Each structure stands twice: as structure tokens, then as C-alpha cells.
Amino acid sequence: FALPKQMVRPRLKLLVGEGKFGDIARISARILLCSCAAVAALALEALVMHPCQFGRLGQWSIGVAFGSSPLELDIPRQPALSCLDVTDCLAGFVADPFLIKSHNSSRWFMFFEVMNVRSGGDIAVAYTDILAGPHSFWSYHQIVLDEPFHLSYPFVFFHHGEYYMVPESYEANSLRLYRATHFPTQWEYVKPLLENNEYIDSTLLLHEGIWYLWTFLVPGRMELYLSEDLMGKFVPHPRSPIYKNNAALARNGGRPVDWNGTLLRFAQDCTGIYGERLRVVHVETLTSQHYQETEIDVINPVRHYPWISDRVHHLDPHYLGGGVWMATIDGNHTRHRDLTVFVWGMVFILLGTLVLDVVIARQCYSRLALRAVATIQSKHWGRQLCEPLRERASHAPIAKVKQIVFKVLLMTVCAAMLASLSYFQFYSDDSAPHPHSPVALALARGEALPPAVAPPDKVAQVIGDDLDRRCSVTLVTGLFDIGRESAGGESRKWSTYLGYFEQVLSIDACFVVHVSAQEVDFVNRHRAGKSDITSIVIHDTDYFHDHRWDKIQGLLDNPPPGFLSVRPGRPEKKLAMYNAVTYYKIEWVNNAIDSNPFNSSLFFWIDGGYGHGMYFDKLRGARWPDIQKLSRWINPTQVFAIKVGPWEHGECSKPLKESADAHRVIFASGFFGGFPGPVKEAHKLYYESLDDELANHVMDDDQLPWLDLWCRKPELMHPAVCPTPLVPFALYCHVVGQQPCMTHRRYNCPVMMFAP
């Protein structure tokens, strides 16, 4: 439609001629164009925008709620885990979360279903070392159980010194018991608890020396089994089935819990749609001969929290002590709203374009089209509509009007799509704890919390009054002319880098700047008026000729097989100075921690060319990073870094040379840091990894040691992920460089994440 008619029509006439056949061909060409555009839109949705891109959370997400009882929980505004966090498969959603605390540390583990869009349901694990209410950091680890059949509802528990799991495995026509051989990642199949039926969402409870097992059978049947030994035979309870056809109460929705002597069971209400709400049941009598339960409460979705606005069907509560309960809960957002908006948006775009093409066409449309709408044109109002248009269309201004209207429509659609980027954020400023949460109230009253629970405002407590200080954060940066401009390959002008560097230096931040003597005047000029918060460290070339230099140069002079297999023109494959400088980043952050020239609490490295001029020029003179926003992302035990690459299952079991030759980038090293403790520990492990790599003739850029560090100690890293936009609008963003676009650049989104 957008091609000028003076280009299209003459060529179509030459191909198909005039007359009826020509009209048919021209209309067919337009229909073909429309169909191709629709197919392209759907292909883009199916292939590029899987449910966890564009900041979307998939169908189900997982939250962690705190409260004074299992029935009085404050649902968080944002989920703790979504399919965006899954790194070792293409995930459609995450659901059915069960918690368990390690019996030899303070770490909590969360087991849950990952809907692997390629193979069906798998079981994965995430963990946290610090419980801090809505600000808890849950780190996704990996898929731990993958069978040829569907798995979900991983009921996990600890018994007689061992960890067990009973996941739903109805496709195997049995209920299977697993035992951890290496908790939490390795599990072995032990035995079937029940066989010869499709048992769904089964739940165990050891009560007064007897194991009770509730299980659900389609369409609405709940059966109850019991056994005196977990490894023994489970037999039907005398009162089983508890329900024969009850879609509201028959299907389990989480772990039963003893609350002040009251045994609560949670049931999924599936009377209307699957998992519409949770019903709370009081199990009044539970013995080997008798069973009685009564519904006492309902847990509904939270309509004004998008991630749990539509459905809720799982709860796993645990008592932490001090009057505080913690529970995992899963939620479903408004059914496929984002996909629906996208598809219908594309339909209306195409229809709108077609209407413009028809209504303002030179002949009101072709003869064939007129016959197709003969009924309309036979009407008086039809003649009134088309005759004036035919007359006016012969004038040039109408053609101009058509082009202008079409362009306005297209720009409006583009603006609307770009504006929608701000809606589909996976992070949010609106993440403060509910003011009436039990944790917040306990803190306000000055009451002690149990040791496992850190205050929601833990970062503020660690930093103290430093939150309001100008130099609460020290930024460490640097820039050196390594000869990239004349090196060939992927070269870049030194003047371009100086332009980027000038933008970084223009922000109001406390800087430790590493440069050569030639750039000292440049730094002083662009830090004018900020000399009191600027510390310049000068290095000459010999500084970088350390004990690693010869190994780096040797690899470049005699590259091993595979060394140049991916992008051989990269500077790390050509310039020893590039590698030597970038390997010093974390060393300089460590030095800043030791010297602490501004008495800061947080320390971050930022590349001298960070953002490549995309947005820092709009932050000139502004305080960056905003410490309040930064405090929502960092914690005292982990290093903050941006995760930019997909995490493959078994990544750490592969030879590091394979990752180096393939240029596998998991963490971006342009911006990282945090509290002194984890940064100094990462500094030690980073150089252990780097020295091992060089000793084994393995080298890539400075991001490879971060990958190895993650494999050595994943709990030390807190990976954040930048949201991903639609591909066409990513290109548009690249051109205009506006704020909504900068937010989604996968390497550089901290520029906007932490902007004031």
C-alpha cells in the first residue's frame, strides 16, 4: 500500500493489461500484500515475541507474600519469578511453586513448574539467601527434573534426613516419588506411590504418624489415601472419595498447613474456568477412619495487580517465627491481553490502511469492486459518497491528502506501540511494601523479626544515612586509546569514544577515573566544578604489561584452533592492549573500595563509553544513579550485573574453550558492582577464573571470566535482564534514541533504570 501508485500501476498494467482481468489482478495483488503483511505479523508474534519477550510475564507468574497468617497475606505488586527469569529453555509460564528451607544453611529453595514450550512441563528451582518481603531476590537456577512426560506441581518435603519430591506426572499414568541425590539439582526416581490412573496435583501430609495423600481425578473427584510408611503401600481411606464431582473443592491448590492448631487445606476453584480462585478448607477431622472438612475462606485474584489480576490457584505458606508467615502464590494476568492487543492492533492497522486505499482511490475502486458493492452503490447515499470522491480524486491535492492521512495513521500507530513499551516493563518503581503488611508494622513498632527475615528496606538500613549523601555511590570508570581506530576489523574512531566519555563524565556522580596522562586535561575540562568528587588515577602503557601480558600476546600471535571462528575482527582478537585494559575493570573497583576516597557505601564500574551516546547526553548534570531506584535492585550479598545472553541447560558442564570460541556472552561487563563484600569476593574469583583460562590457552573478552565465575559460585551474582522490544520498533529506537527505547536496550538499560 505504501508504494507510490505511479510506480505500481504502470507495472501492473504492463503485466496484466486493462479490463476486467486487469482489475482482478490488481485487486489480487492488493489482497496478496494484505495477506503477506498479516502472515508476517503473526510470524513475528510466533517466532520473535514468544510469551516472555517484550517484558511480558507469560500466562502464570509466581509471587512471594508475607503476612500475619496464611489467610492474611499481602500480595506483592510485582511477581518474584516469571518466565522472563527462566534461562535454560524457552518458557511459556511458571507456576505451582513449593518452598523448602535448606537444613544446613539459611537458604530457601523454590521448586516450580516451567512450561517448556518445546517439550512440556519441567521442574525448576530458584533460591534466595535473604528474605526481605517484597524486596526478596529470588535467583533462578536451572531445570532439575525433565522427563519424557509432563511434570508440574512439585510437592517437595524433607523426611528422615532426605529431600523428596512428588510431582504431578499424570501422563505417566502414575504418581511418582523422587529422592534428591544431590540437592537441589539431581533427583532419582524411587517408586510409584499410586498407579494405573491419571493422578493430578497430589499432596502429602504426615499427621500423627500416618501419611495422608489427597489426589484429584478428572472431572471433579478427590480421593484420599493413607499409609503408615512413606515407602509402604498407600491404600484408600475409608471415607474416600471425599468428593465425587466437586470442581470447587476437589483439586488441591498447595501444601496443607497447621495454623494455630487448625489444619488448613487449599483447593483450586475450577467451577468457572481453571484455577479461578483458591478456596480455604478447614480439615476438622483427620484420622485413619474419619474425615471431615468445611470451607472457611476464599482467596481471590487482585484485580489492580496485573500479574495476578485474573486467576490464582496455588499457595504454599510457611511460618517464619515472630508472627510472620511467608507463602508462594501463583497468579494469572488478564487472559492473553498483550497478545490480543497486538493481534487486533495489526488487524486494525491493515483494515485502516485498506479503507484509506479504497475510500480515497482515484475511481472509488475498480469496476470489479464496484460490482462487489453494487448493493451499496444502488442506494442514494452510496451514489452521494462515491460520485464526489471520483470527481475530487482527479485533483492533485487529494492525492497529497491521501499520503498525509496515511502517514499520520502510520505515525500514530508507531507512537502508540512505542508508548506501550512503558506498560510492559518487567521492573517497576511501584514496588514498595504495603504499608499495612505485618513485616512493615513490626518494623514500625520496633519489634524484632526472626533471623531469617531481613527488613524490607534492608539496603537503606545497611547504607543508613548514606542514602541521602551525594557520594553514596562511587562510580569507577576509565578510557585508554588502545589503537582500535587503526587496527582494522571492527574498528572505531578514538574521537567517537571521547564523545561517549564526555557524556558519561557530565553526570553528577562521584568518579574515580583511570586514564593516561594525555587524557587528564580532557577529564578536568569535563569535570569542571566537580573536582571535589573526582579522583583521577594515571596509568602509562607499562602498567598493563603485567604477568598476564605475555600470555595474552602469545594467544594473539599464535591463535589456537577455533580462536578466530566467531567475529575474528573483534578487538579482543587483535589487540593485546584491549584485553589488558578490560581485565583491570574489577581490579580498579576493588582498589576504589580499599581507598574509598568519597566514603561511599556502594561501588560500581561503568565503561567510559557506556550507552554509546544513547541517553547519557540527556542526563547532563543529573545525579546518576538514583540511589533510591538502585537500592531496589541490589542486596548486600550479591554483585549486580546485566544478563544479556540466553542460559543453556548444562552451560557450566561444557569446556570453557567451547564457550570462548563461540563468544558466549551471559553477563555484560559495562556496568556492575554493589556492596564491598560481594564485589571483593567476585574480584578474587574473577582473577582465579582469568588465570585458569589463560593457563589453558583460552581467551575471549572480559565477559568470559564472569561466565566462569557464575559457574563457580552462582549465588554471588544477581543477574538483571533488560526487557526486549518488538524488532521493528527496536530499529526505530536505534534511529531516534528516545527514552522508552533506551529502557529496552539489553546491554545498557541501567542508564534509564537508574535515571532520576
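Residues numbered from 1 in each chain as written. Predicted model: local features only at pLDDT ≥ 70, side-chain atom pairs only at ≥ 80, totals over all residues. Heavy atoms only, no water.

1. Remarks on the overall build of the protein
Part 1: Looking only at helices and strands, one finds 21 helices and 28 strands in the protein.
Part 2: Burial status across the protein gives 54% buried among its 756 residues.
Part 3: Contacts spanning at least 24 positions in sequence make up 62% of the contacts within the protein whose residues lie at least 6 apart.
Part 4: With the model as given, the accessible surface of the protein reaches about 32,800 Å², and the carbon-plus-sulfur share is 56%. (Helix = DSSP H or I, 4+ residues; strand = E, 2+ residues; numbered from the N terminus. Buried < 20%, exposed > 50% of the residue type's maximum accessible area, 1.4 Å probe, protein only. Contact = heavy atoms within 4.5 Å. Areas by Shrake-Rupley, 256 points an atom, 1.4 Å probe, with all protein chains shown as cover.)

2. With respect to the confidence of the model for the protein
Part 1: Here the protein averages 79 in pLDDT, and 69% of its residues register 70 or above.
Part 2: Predicted confidence is poor over residues 11–17, with pLDDT under 50, and the contacts of this stretch with residues over four places away or in other chains come to ten contacts.
Part 3: Scored below 50 in pLDDT, residues 45–50 shows 15 contacts in the model against residues more than four places distant or in partner chains. (pLDDT = per-residue confidence, 0-100.)

3. Some thoughts on the state of the cysteines
Part 1: Evaluated as defined, the whole model comprises one disulfide.
Part 2: At a sulfur-sulfur separation of 1.8 Å, the disulfide partner of C471 is C510. Here the disulfide of C471 and C510 is left-handed, its torsion about the S-S bond being about -80°. Taken together, the positions of C471 in the loop between α9 (458–463) and β22 (473–479) and C510 in strand β23 (residues 510–515) put the pair 39 residues apart, joining distant regions of the chain. Residues C471 and C510 agree in their burial class; the two are buried. (Disulfide = S-S within 2.5 Å.)

4. Quick notes on the packing of helix α14 (residues 585–595) against helix α17 (residues 676–695)
Part 1: Packing of α14 against α17 leaves a shortest axis separation of 10 Å and a crossing angle of 140°. α14 and α17 meet at a crossing whose hand is left-handed. Residues I586, E587, V589, N590, I593 and D594 of α14 form the contact with α17, whose own contacting residues are P676, V679, K680, A682, H683, Y686 and Y687.
Part 2: Grouping the amino acids of the contact of α14 with α17 by side-chain chemistry returns eight nonpolar, two polar and three charged. (Axes fitted to C-alpha atoms, helices over the stretch in contact; angles between N-to-C directions. Left-handed = near helix turned anticlockwise from the far one by under 90°. Nonpolar A, V, L, I, M, F, W, Y, C, P; charged D, E, K, R; others polar.)

5. Quick notes on the sheet that holds strand β6 (residues 139–145)
Part 1: Spatially, the four strands line up as an open sheet ordered β3-β4-β5-β6, and their pairing is antiparallel. Edge strands, defined here as strands with exactly one partner in the open sheet, are β3 (91–101) and β6. The average undirected angle you get between the axes of adjacent strands in this sheet is 30°.
Part 2: Strand direction decides the pairing type here: strand β5 (residues 120–128) and β6, joined by five bridges, are antiparallel. Among the inter-strand pairings, A124 is bridged to a residue of β6, identified as I143. (Pairing = 2+ DSSP bridges.)

6. Side note on the packing of aromatic side chains
Part 1: Throughout the structure, instances matching the rule amount to 38 aromatic pairs.
Part 2: Ring plane angle 50° and centroid distance 5.8 Å describe the contact between F111 and F183, whose orientation is recorded as tilted. Of this pair, F111 sits in strand β4 (residues 108–116) while F183 sits in the loop between β9 (174–182) and β10 (186–195), and the two are 72 residues apart along the sequence.
Part 3: Classification of F183 as buried rests on a relative accessible area of 19%.
Part 4: If you follow K573 out to its NZ or CZ, it ends over the ring of F563, 3.8 Å from the centre. (Phe/Tyr/Trp six-rings, centres within 6.5 Å; stacked < 30°, edge-to-face > 60°. Lys NZ or Arg CZ within 6 Å of the ring centre and 35° of its normal.)

7. What about the packing of α17 against helix α18 (residues 704–712)?
Part 1: Packing of α17 against α18 brings their axes to within 9 Å, and their N-to-C directions diverge by 115°. Taken as axis vectors, α17 and α18 run roughly perpendicular relative to one another. Every pair of crossing elements has a handedness; the one defined by α17 and α18 is right-handed. Every residue of α18 that contacts α17 at A682, L685, Y686, E688, S689, L690, D692 and E693 is listed here: L704, P705, W706, D708, L709 and R712.
Part 2: Taken together, the residues of the contact of α17 with α18 break down into eight nonpolar, one polar and five charged. (Parallel < 35°, antiparallel > 145°, perpendicular 65-115°, else oblique.)

8. Remarks on the pairing of β5
Part 1: Counting buried residues along β5, nine of its nine residues qualify, which places the element largely inside the surrounding structure.
Part 2: Here nine bridges tie β4 to β5, and the two strands are oriented antiparallel to one another. Note that in β5 the partner of M110 across the bridge is A126.
Part 3: With antiparallel pairing between neighbouring strands as the criterion, β4 and β5 make up a hairpin whose turn holds three residues.

9. Here we look at the sheet that holds strand β26 (residues 639–643)
Part 1: Ordered in space as β24-β23-β22-β25-β27-β26-β28, the seven strands form an open sheet in which the pairing is mixed. Edge strands, defined here as strands with exactly one partner in the open sheet, are β24 (534–538) and β28 (717–721). In this sheet, adjacent strand axes meet at a mean angle of 25° when their direction is disregarded.
Part 2: Examined bridge by bridge, β23 and β24 share five bridges and lie parallel to one another. Following the sheet pairing, H514 is matched in β24 by V537.

10. Considerations on unusual backbone geometry
A negative phi angle is the norm for most residues apart from glycine, just as the trans form is the norm for most peptide bonds.
Part 1: In the segment running from S240 into P241, the intervening peptide bond is cis, with an omega of 5°.
Part 2: Structurally, P241 can be placed in the loop between β14 (235–236) and β15 (251–252).
Part 3: Of note, the amide linkage connecting W624 to P625 takes the cis form, showing an omega dihedral of 0°.
Part 4: For P625, the position within the fold is in the loop between β25 (602–606) and α15 (627–630).
Part 5: At H160, a residue that is not glycine, the phi angle is positive and equals roughly 55°.
Part 6: Here H160 shows up in the loop between β7 (152–159) and β8 (162–168).
Part 7: Notably, D201 is not glycine yet its phi reads approximately 50°, a positive angle.
Part 8: Tracing the sequence through the fold places D201 in strand β11 (residues 200–207).

11. Some thoughts on the pattern of salt bridges
Part 1: As enumerated under the stated definition, the model contains 30 salt bridges in all.
Part 2: One salt bridge in this structure joins D310 and R311, with 3.4 Å as the shortest N-O distance. Here D310 matches R311 in class, with each residue buried.
Part 3: Salt bridges linked by common partners bring D269, E276, R277, R279 and E295 together as one network. (Salt bridge = Lys/Arg side-chain N within 4 Å of Asp/Glu carboxyl O.)

12. Considering helix α10 (residues 494–505)
Part 1: The end-to-end C-alpha distance of α10 is 16 Å, a good match for the 16 Å that twelve residues give at a rise of 1.5 Å each.
Part 2: Residues of α10 that are buried in the fold lie against β22, β23 and α11 (520–526). (Expected span 1.5 Å × (residues − 1).)

13. Examining the pairing of β10
On a regular strand, one side chain projects to one face of the sheet and the next to the other, so that they alternate.
Part 1: When β9 meets β10, the two strands line up antiparallel, connected through eight bridges. Each residue of the ladder has a partner; that of R179, found in β10, is E188.
Part 2: In textbook terms, the turn of a hairpin is the stretch between consecutive antiparallel strands, and for β9 and β10 this stretch comprises three residues.

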